[in-house]
Amino acid sequence: MTNFHDLDPVEARIAARGVSVYYGDKRAIDNVSIDISDEYVTAFIGPSGCGKSTFLRALNRMNDTILGARVEGEIKLDGEDIYKSGMDVVQLRARVGMVFQKPNPFPKSIYENVAYGPRIHGLSTSKAELDEIVERSLKRAGLWEEVKDRLTESGTALSGGQQQRLCIARAIAVEPEVILMDEPCSALDPIATAKIEELIAELRGRYAIVIVTHSMQQAARVSQRTAFFHLGKMVEYGKTSEIFTNPREERTKDYITGRYG
Amino acid sequence: MTELSHQERAQRIANRLAQRHASERRFRALGFFAVALSALVLAFLLVTMTANAVGGFKRAELAFKLDLSGGMLQIDPSQLAGDNPASALETAGLRDVLQFAAAKALGDKAASELDPDAWRDVARKIAADPALLNTSFDVSLPASDDLASGLRGDGAPAMVALANDLAAKGQLSTRFDPGFLTRSDATSPQSVGIWGALKGSMLTMLVTLALAFPIGVFAAVYLEEFAPRNRWTDLIEVSINNLAAVPSIIFGLLGLALFLTIFPYWRSAPLIGGMTLALMTMPVIVISGRNAIKAVPPSIRDAALAVGASKVQTVFHHVLPLALPGILTGTIIGMARALGETAPLLMIGMKAFVATAPAGFTSPSSVLPVQIFLWSDEINRGFVERTSAAIIVLLMFLLVMNGTAIYLRNRFENRW
Amino acid sequence: MSQEHTVKAFDEEITKLRGLIAEMGGLAEVSLAEAMEALVKGNLDLADSVIARDKKIDSLEAEVDRLAVRIIALRAPMADDLREVIAALKIAGVVERIGDYSKNIAKSANKIEQRKKFEPLTLVPAMADVARGMVHDVLTAYAARDPHLAKAVIERDDMVDAFYESLFRNLVSHMMENPATISSAAQLLFVARNIERIGDHATNVAEMVYYAATGEYLTDREDKTGA
């Protein structure tokens, strides 16, 4: 297993050590350690059922919603263990946002979708401030030009690609430190996918981005660091360019060259 | 199994095809007939009811001129503006004046067949328009029950003859009776009205809704979203499911034992009736509420949680609005059942004869289904048509109530 | 190599690519041998067949180009598959040049006079043998994906270079002593140069074989170990 500490001298936004996730008695993630940094987009790849989505969801404690889910080990956000007893999950999720596989905008207006987060967290003190936050978030998500004249229309009336960008704007609106993306493009057509990938490239640096993807080409295009998961273990982690041209582990090579299974 | 050639395969499919199409046609025919039969039965019910009810909205009335000129009625006009003008007019001798005028116009025999409460109609008229006091004006007053039966062709031959005679002279006829909707219960079918029961039903339904809806919805939300999954919550779930199937009369017994022990002086009040019916309606709302909440896709919940909403915020800002159409459907079903329930209300005593509409939630009252039940038990044939009319009123009320709920549900459904 | 690709057609295409390279390499090897014989024996028919064979080598290179581009476009090869395809592309180009050099040697065959008396002529086949051995071994290394054999080939290039130095001195002194043989000697110089270039190209192929097999560049490793 690659020793990732030497790989990245930059400071880690999220540091996971010895993380195991259990669903009841079944172990879905086995002793994974990894650092996530602001500077790089990190991609998690691996075959179906390897646990990459499970691990992603452990990073913002979305596994808490599943009965019988248990997390061992340590996950630190800016040095603070997110599973410690005093941690407020609501606050955590304002710092670690998530975008899901199937676009899921609220069945409310576009404005309301983006404004909901800042409003419940009390991030704005006036309507004007809220308007500003909404505009800024939509601009950063590359959606402003397309929807600025119809902010009161329902979010669900947009096309799939637009809906996903709306979900990204919604995640951005609370000014998170990390954005987790669980196969964000798998339900989208190639053009919408390309727009989202371009968006990810623009967001890099401002937010630490982790993307789970089934497409190796996407991981190769979009990320600078890639982690390969297999049967709940993290088999290899390294620079994307190296993983895809000269992986160290046999299992990684078999998977990315299509010799798996 | 060896692979079939294309012809063999096509042949096998063709062989089975006729059978499948026939079975499909049979099913469609069955479905159509089932629907047609139900529609026929419903149509039959409505037509019979309406046909009977038409007569219920009319009553036999005697028409004549009432001459009050010449100061026949000595009364201070200020008393007419007071609390009880009818009583004041009674003291002033309205009844005798009326009797006298009727005898003069119609004859003694007919005059004695004026409904005993007929004078109240006149009193009301005069109280509304005191200028009539010294004038001569037309009145159309309810005939007695015997005379009304006589007009229908029932009862003593002498009465029938009298009725026909008066009808021929144009002094006795059946007129549309809007007062049916504004009067309350009475002993005679001629002066009976549905308003008392209608208002009682309205008040009871309000109490039922005010209690069952919030408690039911919050219980559904708690059980579905917040309660831990253990043996106790399983037990509660099973209990609620069974409660919905309990015969309504048991709730009456419960109401009797519980509410009337605590508030014995409020027997027959819409408050008690409403509370009893709320007990009955709540399980239905909880069950449909839980199903509606379960049907909200987890993606919405995930989206809200991921943006940092707390559990409560997720439920109230996102899940409930989406579950509302389903909850409202359950409420409609529950309330419709509550509206038509007679047994529990009979048990708690909402069957008293109440001659005036209830003043408030704690006044003695009747409700529509109970009123219908009581009238249908009466010997006097005049009540038959009134009963049908009351049924129509009940159906109308149900229609309005459901219509409102469906409108509300559609309004919420559009946003989703 | 472990399992096959889940998509069988991918395996077939890689096999075809390797086959084309092997075929090209074989032809280049034969061309070199025949060119040398034509040169030493003065067999002009053999020289013509070498020249004709070069066209075949060129057309095979074009085929390798097309197939490699197709594989990259359609299969999006990763890791060792990617290195293999890139290496195949480069190797084809290099083998094509080896073929060209053999052709040039064959063309010189009819320009040498008075063979029996021309002493330096006997040295050239020995040099060509080393070069031919390098070409043969590097193609074997390619077929077997053997990085060690490839490395061994690279080390032999020094021998070819040494041969070239000595042949050069030899020919120059011969030209000074026998001015009448200058034109033949000059031709031989060119031939020696061609063989030395063939040795260099075989080295290039060996480096690519090493890269395809291990993912590392040989030149980097040499720097690190200081060899």
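What you see is a predicted model; the values in this text were computed from it and never measured.

Novice: Tell me what's going on with the overall build of chain C, and back it up with residues and numbers.
Specialist: Assigned secondary structure in chain C consists of seven helices and zero strands. Of the regular secondary structure in chain C, the N- to C-terminal order runs α-α-α-α-α-α-α. With the principal axes as the frame, chain C shows a C-alpha extent of 65 × 45 × 20 Å. In chain C, buried positions account for 41% of the 227 residues. Long-range pairs, those at least 24 residues apart, make up 81% of the contacts in chain C between residues at least 6 apart in sequence.

Novice: An account of the sheet that holds strand 8 (residues 208–212) of chain A is needed here, citing residue identities and associated values.
Specialist: Residues and elements named next belong to chain A. The strand order across the open sheet formed by six strands is 6-7-8-3-9-10, and the pairing between neighbours is mixed. With one partner strand each, in any of the chains shown, strand 6 (96–99) and strand 10 (233–239) form the two edges of the open sheet. Each neighbouring strand pair of the sheet contributes to a mean axis angle of 20°, computed without reference to strand direction. Along the sheet, helix 7 (residues 160–173) contacts strand 6 and strand 7 (178–182); its crossing angle with strand 6, the most-contacted strand, is approximately 170°.

Novice: Tell me what's going on with the interface of chain C and chain A, and back it up with residues and numbers.
Specialist: With 15 residues of chain C in contact, the opposing surface of chain A contributes 14 residues. Of the residues assigned to the side of chain C that touches chain A, the class counts are six nonpolar, five polar and four charged.

Novice: How would you sum up the sheet that holds strand 3 (residues 172–176) of chain B? Please name residues and give values.
Specialist: Whether parallel or antiparallel, the strands of a sheet pair through hydrogen bonds between backbone atoms. Residue and element names in this part refer to chain B. Strands sit in the order 2-1-3 across an open sheet of three strands; the sheet is antiparallel. If you trace the sheet from one side to the other, it starts and ends with strand 2 (136–142) and strand 3, each paired once. Direction aside, the axes of adjacent strands within the sheet are offset by 45° on average. Both strand 1 (residues 58–67) and strand 3 contribute to a ladder of five bridges, which runs antiparallel. From the neighbouring strand, Arg 59 faces strand 3, where its bridge partner is Arg 175.

Novice: Before we move on, can you summarise the interface of chain B and chain A with the specific residues and values?
Specialist: With 16 residues of chain B at the interface, the matching set in chain A holds 21 residues. The set of elements that each furnish at least two residues to the side of chain B that touches chain A consists of helix 13 (298–306) and helix 14 (311–340) of chain B. Its residues placed into classes, the side of chain B that touches chain A shows eight nonpolar, five polar and three charged.

Novice: Quick one: what's the story with the pairing of strand 6 of chain A, residue by residue and with numbers?
Specialist: Residue and element names in this part refer to chain A. Alternating residues of strand 6 divide into Val 96 and Met 98 and Gly 97 and Val 99, and every residue in both groups is buried. Note: strand 6 against strand 7, four bridges, orientation parallel. Bridged to Gly 97 within strand 7 is Ile 179.

Rules and cut-offs
- Residues numbered from 1 in each chain as written.
- Chains lettered and ligands numbered in written order.
- Predicted model: local features only at pLDDT ≥ 70, side-chain atom pairs only at ≥ 80, totals over all residues.
- Helix = DSSP H or I, 4+ residues; strand = E, 2+ residues; numbered from the N terminus.
- Buried ≥ 20, exposed ≤ 12 C-beta atoms within 10 Å, placed from the backbone.
- Contact = placed C-beta atoms within 7 Å.
- Pairing = 2+ DSSP bridges.
- Axes fitted to C-alpha atoms, helices over the stretch in contact; angles between N-to-C directions.
- Nonpolar A, V, L, I, M, F, W, Y, C, P; charged D, E, K, R; others polar.

As far as function goes, none of this settles anything; it's purely spatial.
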